[in-house]
Amino acid sequence: MDWRTIYKDKIMTADEAVRHIKSGDHVTVAEVGSQPYALTEALERNYEHLENVELHYLLSLGNPPAAKPGMEKHVRFHGMFLSGSTRPLIKENRGEFMPCFFHQYPKMVLSRGGVDVMMISISEPDKHGFCSIGPGVDHIPTMKNHAKLIIAQMNKNLPRVMGNSFVHLRDVDIIVEEDRPIPTLPGAEITDVERKIGEYCASLVNDGDTLQLGIGGIPDAVVTFLKDKKDLGLHTEMAADGIVDLIKAGIINNKKKTLHPGKCIATFAAGSQNLYDFLDDNPNFELHGVDYVNDPNVIAMNDNMVSINSCIQVDLVGQINAEVVKGMQFSGVGGQVDFIRGARMSKGGRSIIALPSTAAKGTISKIVPFLDHGAYVTTSRMDVDYIVTEYGIAHLWGKTLRERAKALIAIAHPNFRADLAEEYAKRFGETLEI
Ligand code: COA
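Positions within a chain are numbered from 1, following the residues in the order the chain's sequence is written. Local features in this predicted model are restricted to residues whose pLDDT is 70 or higher, and side-chain atom pairs enter the listing and the counts only when it is 80 or higher, whereas totals over whole chains, interfaces and linings include all residues. Only hydrogens and water are set aside; all other atoms, that is, all heavy atoms of the structure, feed into the side-chain values.

Caption draft 1: Fine view of the side chain of Asp315. Helix and strand assignments come from DSSP, with helices taken as H or I runs of at least 4 residues and strands as E runs of at least 2, each series counted from the N terminus. Mapped onto the elements, Asp315 comes out in strand S18 (residues 313-315). Look at Asp315: it is buried, it has no salt bridge, and the nearest opposite charge is Arg427 at 6.1 Å. In the analysis that follows, any N or O atom pair within 3.5 Å is treated as a polar contact, provided that within protein one partner can donate a hydrogen and the other can accept it, and provided that, for residues neighboring in sequence, both atoms belong to side chains. Engagement of the side chain of Asp315 in a polar contact is seen with the backbone nitrogen of Val317, the distance being 3.0 Å. Once residues within four sequence positions are removed from consideration, Asp315 is found in contact with Val368, Pro369, Phe370, Leu371 and Leu408. Type-normalised accessible area, obtained with a 1.4 Å probe on protein chains alone, sets the label of each residue: buried when under 20%, exposed when over 50%, and partly exposed for intermediate values. Charge assignment: positive for Lys and Arg, negative for Asp and Glu; neither His nor the chain ends contribute. Within this document, salt bridges are pairs made up of a side-chain nitrogen of Lys or Arg and a carboxyl oxygen of Asp or Glu, the two lying within 4 Å of each other. The criterion used for residue contact is that any of the two residues' heavy atoms lie within 4.5 Å.

Below you can see the structure in the form of structure tokens.
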């Protein structure tokens, strides 16, 4: 029998669907390409009768949910990671930021009182009635089991990703049929500085390693220098465009992986249509819940795990601020600490923080004596391992404070080395030749 006949009572319009949200509800929304835009837009038309609704979501690639000015008095954004679209909500006191390791995100949201309503996207069902939940898997597999009401936008353009990424139509309470294009994440041009950093990072990657690559120009640059490597594996938080060519060329083949051999593993994907087409129905690439993929104990089950992430600034002893720019929350810890700790625990593992030596067109050093006033430590000096800039590699793991400072000054931008050396002399009673 056709699914529309079996589930006809569950089918309604987006406006009818969101009217099931009640005052005081905690609502969780799927992220990136899985954001159910028809539902989040319907909520923007139907919120004025609501009070004290907590809306939980992560990255939005298009119109972010509940960002409409004034809506925060009724339905308020709660997040643990910010992007361009959600930063103003925190800056203007129109939303709430919750510090949280990404692998603990489902647990944290559940601890705030559970999930009353979950809004997700689903593909059309297969012959067994299972629908894929698309490229934004992360918290959905765990939280859908706790949600009191699941509202799904069925979108036939949603890539049918493999892994722990399916929901059966019988477990969905409300179905809203609306096809939309999947929003893409524009790729950035790789700069010469990023290319140099990419080359240094790639020199720390050995044949047979399993990689986690973060978001942005640096990971994209790293990928371009991996073309001569062999038998790489992928266990990453985010799947982005750069990896597709490496997989197609057989450089990432997952043959040496000690966990999920033969498979690429991620928790969400965001990129171009090319990436989404690559993931569609691809049994070689699985997306699983973030509480599994980002769990440091799970990451550590991959031997020779190498994580590559970035930051805003690093102080002279290796404390990393990856979240705060000029005293304002800019992003969040995301999976940075999850992967740095997982890589440290992995047999043969390493972690890399890669950053340009300067910001603001060369006027600010990102290697600093002290983190900015108002900055937070994202990765502690006990966790940090390799730091890479366009001037080289500093290996901090197992090094004294003095050795760390010396190694970091050597990879700082030459324009700032004298100032840093002055701080070094004050702190360690020794003049540094620069
Ligand atoms: N002082 C002042 N401004 C700084 C700065 C510094 N030390 N460092 C960066 N900035 C500014 C940049 O100039 C830029 O400003 P603009 O947007 O006006 O151009 C902005 O801050 C962002 O810097 P940029 O270097 O372009 O950031 P990015 O896109 O490479 O992202 C992080 C860097 C750290 C924000 C990002 O990697 C992150 O959020 N990391 C934490 C989460 C994580 O690692 N997850 C891993 C799994 S995916």
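Caption draft 2: View of the packing of aromatic side chains. Only rings of Phe, Tyr and Trp enter the pairing, Trp through its six-membered ring, and a pair is recorded when the two centres are within 6.5 Å. The plane angle decides the type: under 30 degrees is stacked, over 60 is edge-to-face, the rest tilted. Tallied over the entire structure, the rule returns three aromatic pairs. With centroids separated by 5.0 Å and ring planes inclined at 50 degrees, the aromatic side chains of Tyr424 and Phe428 adopt a geometry described as tilted. You can see Tyr424 and its partner Phe428 sitting in helix H15 (residues 414-428), four residues apart, about one turn around the helix. You'll find Tyr424 and Phe428 in the same group, each marked buried.

Caption draft 3: Examining the domain arrangement of the protein more closely. Taken domain by domain, the protein consists of domain 1 (3-177) and domain 2 (192-428). Here the C-alpha centroids of domain 1 and domain 2 sit 30 Å apart. Two parts placed together each lose some accessible area under a 1.4 Å probe, and adding up what both lose gives the buried area. At the boundary of domain 1 with domain 2, total buried surface from both sides reaches about 2,500 Å², with 66% on carbon and sulfur atoms. When the buried area of domain 1 at its contact with domain 2 is split by residue, Phe102, His103 and Met162 rank highest and sum to 25% of it. Taken together, the links from domain 1 to domain 2 amount to one salt bridge. For Arg160, the salt bridge goes to Asp281, with nearest N and O atoms at 2.6 Å. Elements with a contribution of two residues or more to the side of domain 1 that touches domain 2: helix H4 (87-91), helix H6 (140-143) and strand S8 (162-163). Only Asp, Glu, Lys and Arg are considered charged, only Ala, Val, Leu, Ile, Met, Phe, Trp, Tyr, Cys and Pro nonpolar, and every remaining residue, Gly among them, polar. Tallied by class, the residues present in the side of domain 1 that touches domain 2 amount to 17 nonpolar, eight polar and five charged. Note that the domain bounds reflect an automated or database-derived domain assignment.

Caption draft 4: Region of the structure containing the site of the ligand. If a single non-hydrogen atom of a residue is within 4 Å of a molecule or strand, that residue counts as near it. Looking at the ligand, there are 20 residues lining it, with Asn309, Ile312, Ser331, Gln336 and Lys366 nearest. Interatomic distance of 3.0 Å between a side-chain N/O atom of Gln336 and an oxygen atom of the ligand. Burial of the ligand by the surrounding chains reaches 71%, relative to a free accessible area of 970 Å². Partitioned by chemical class, the residues of the shell around the ligand number ten nonpolar, eight polar and two charged. Residue-level accessible areas treat just the shown protein chains as cover; the underlying method is Shrake-Rupley with a 1.4 Å probe.

Caption draft 5: View of the pattern of salt bridges. With the rule as written, the count across this model stands at 23 salt bridges. With a closest N to O distance of 3.3 Å, Lys256 and Asp231 form a salt bridge. Placement of the pair is Lys256 in the loop between helix H9 (242-248) and strand S14 (264-266) and Asp231 in the loop between helix H8 (217-224) and strand S12 (233-234), with a sequence separation of 25 residues. In this structure, Glu423 engages Arg427 in a salt bridge whose closest nitrogen and oxygen atoms are separated by 3.0 Å. Of this pair, Glu423 and Arg427 both sit in helix H15, four residues apart, which is roughly one turn of that helix. Judged by its relative accessible area of 30%, Arg427 is partly exposed. A single network of salt bridges, built from pairs that share partners, joins Glu41, Glu178 and Arg180.

Caption draft 6: Seen up close, the sheet that holds strand S11 (residues 210-213). Being paired, for any two strands, means DSSP has found at least two bridges between them. Strand order in the open sheet formed by six strands is S12-S11-S17-S22-S26-S27, and the pairing between neighbours is mixed. Each of the sheet's edge strands pairs with one partner strand only, and the pair in question is S12 and strand S27 (392-395). Every axis in this analysis is a line fitted to C-alpha atoms, fitted for helices over the stretch in contact. Angles between the N-to-C directions lie between 0 and 180 degrees. Where helix H13 (residues 336-345) meets the sheet, it contacts S11, strand S17 (305-309) and strand S22 (350-354), and its direction lies at approximately 150 degrees from that of S17.

Caption draft 7: Quick look at the side chain of Glu423. What makes Glu423 buried here is its relative accessible area of 11%. Filtering out sequence-adjacent residues up to four positions away, Glu423 remains in contact with Leu316, Pro369 and Phe370.

Caption draft 8: Structural context of the environment of Tyr386. The residue Tyr386 is located in strand S26 (residues 386-389) in this model. Sequence spacing of Tyr386 and Cys201 is 185 residues, and the spatial spacing of their C-alpha atoms is 9.3 Å. If we skip the residues at most four places from it in the chain, Tyr386 touches Leu204, Arg350, Ser351, Ile352, Ile353, Ile393, Ala394 and His395.

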